[in-house]
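Each chain is listed here by its residues.
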Amino acid sequence: MALAQLRLSPLIPRIAVILFAVLMATYLIAAALMRYYSYNSPCYDFGIFCQMFHSMKTTGLPVTTCERNTPMSHFAVHVSPIYYVLLPFYMIVPRPETLLVLQVIAVLSGVIPLWLLGRHFRLSERVGAVLCLMYLGCAALTGGIFYDLHENKMLTPLLLWLFCAVEKKNRPLILLFTLLTLTVKEDAALYIIFIGPWLLLSRPQKITG
């Protein structure tokens, strides 16, 4: 019996992270949907994005009419091609609620590269689990979900995946997550600009840097 308990003990931190992730996802999705159904939005941005996604679904273009009181591309205001990554899921269930659910999943998905980074640096299961629980419970990350849809919330998980690829020296993934980060917004290049010199100066990855 004691031997069986010792073998199962490494699974406890992983189970704790999974259960807490499911709990947080359930809570955040429910809260986001209740805010939507109660018309309790802090601004009109979500209406812009709902119209934009409908336009992307029907015409392939991010056209809005309520952003500047004239038909125009949303990318004339903010260049965010990352929304096309969400579009296939929206096309399956073309409703505003889909966007809110996808955003919660995107934000919480950052726990996966964080866990992988902990494994890469050979942190114990318990320390890795604590870091993941801190991420999942961090109000600075999850609190933005209560401001409806916004592209900036995708930066954290994408950057974590980028750092994970850098640490594993996986150049195809480095390229992929660099490009995805750049598609979040026109100013997302600032994050990449600082990662490049960091690789050049502190890591033996000169070509990558």
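The structure reproduced in this document is the subject of the present report.

Reading guide: rules and limits
Residues numbered from 1 in each chain as written. Predicted model: local features only at pLDDT ≥ 70, side-chain atom pairs only at ≥ 80, totals over all residues. Heavy atoms only, no water. Core = buried A, V, L, I, M, F, W, Y, C linked by side-chain atoms within 4.5 Å. Buried < 20%, exposed > 50% of the residue type's maximum accessible area, 1.4 Å probe, protein only. Helix = DSSP H or I, 4+ residues; strand = E, 2+ residues; numbered from the N terminus. Contact = heavy atoms within 4.5 Å. Phe/Tyr/Trp six-rings, centres within 6.5 Å; stacked < 30°, edge-to-face > 60°. 1 Å grid on protein atoms, 1.4 Å probe; cavity = no way out; pocket = protein on both sides within 12 Å on 5 of 7 lines; lining within 4 Å. Points joined across faces, edges and corners; volume = space filled by probe spheres on them. Nonpolar A, V, L, I, M, F, W, Y, C, P; charged D, E, K, R; others polar. Axes fitted to C-alpha atoms, helices over the stretch in contact; angles between N-to-C directions. Parallel < 35°, antiparallel > 145°, perpendicular 65-115°, else oblique. Salt bridge = Lys/Arg side-chain N within 4 Å of Asp/Glu carboxyl O.

Counting 49 residues, the largest nonpolar core has Val17, Phe53, Tyr83, Leu136, Leu149 and Leu162 as the members making the most contacts within it. The leading source of residues in this core is helix H9 (residues 155-167), at eight residues. Discounting chain neighbours no more than four positions away, the residues touching Leu149 are Phe46, Phe49, Phe53, Tyr83, Leu99, Leu100 and Gln103.

Positive phi is not limited to glycine here, since Tyr39 has a value of about 60 degrees. Tracing the backbone through its elements, the reader meets Tyr39 in the loop between helix H2 (11-37) and helix H3 (45-59). Residue Tyr39 is classed as exposed on the basis of its relative accessible area, which comes to 77%. Of note, Asp148 is a non-glycine position whose phi angle comes to about 65 degrees, a positive value. Structurally, the position occupied by Asp148 is in the loop between helix H8 (139-142) and H9.

This part is about the packing of aromatic side chains. If you walk through the whole model with that rule in mind, you get nine aromatic pairs. Ring pairing ties together the aromatic residues Phe49, Phe53, Tyr83 and Tyr90, which thus form one cluster.

What follows is about empty space enclosed by the protein. Under the defined criterion, the tally for this structure stands at one cavity of 30 Å³ or more. Estimates place the volume of the largest cavity at around 40 Å³. Only helix H6 (111-120) and helix H7 (125-136) provide two or more residues apiece to the lining of the largest cavity. The leading source of residues in the lining of the largest cavity is H6, at three residues. Taken together, the residues of the lining of the largest cavity sort by class into two nonpolar, three polar and two charged.

A few words on the packing of H2 against H7. H7 packs onto H2 with a crossing angle of 10 degrees between their chain directions and a minimal axis gap of 9 Å. Considered as vectors, H2 and H7 are oriented roughly parallel to each other. Side by side, H2 and H7 meet where Pro13, Arg14, Ala16, Val17, Phe20, Ala21 and Met24 of the first sit next to Glu125, Arg126, Ala129, Cys132, Leu133 and Leu136 of the second. Of the residues assigned to the contact of H2 with H7, the class counts are 10 nonpolar, no polar and three charged.

Overall, the coordinates contain five salt bridges when judged by the stated rule. Residues Glu97 and Arg95 are paired through a salt bridge, measuring 2.8 Å at the closest nitrogen-oxygen approach. Arg95 sits in the partly exposed class, given a relative accessible area of 47%. The residue Glu125 makes a salt bridge to Arg119 at a minimum N-O spacing of 2.5 Å. Here Arg119 falls in the partly exposed class, since its relative accessible area comes to 46%. Three or more residues are tied together by salt bridges with common partners; here these are Arg14, Arg119 and Glu125.

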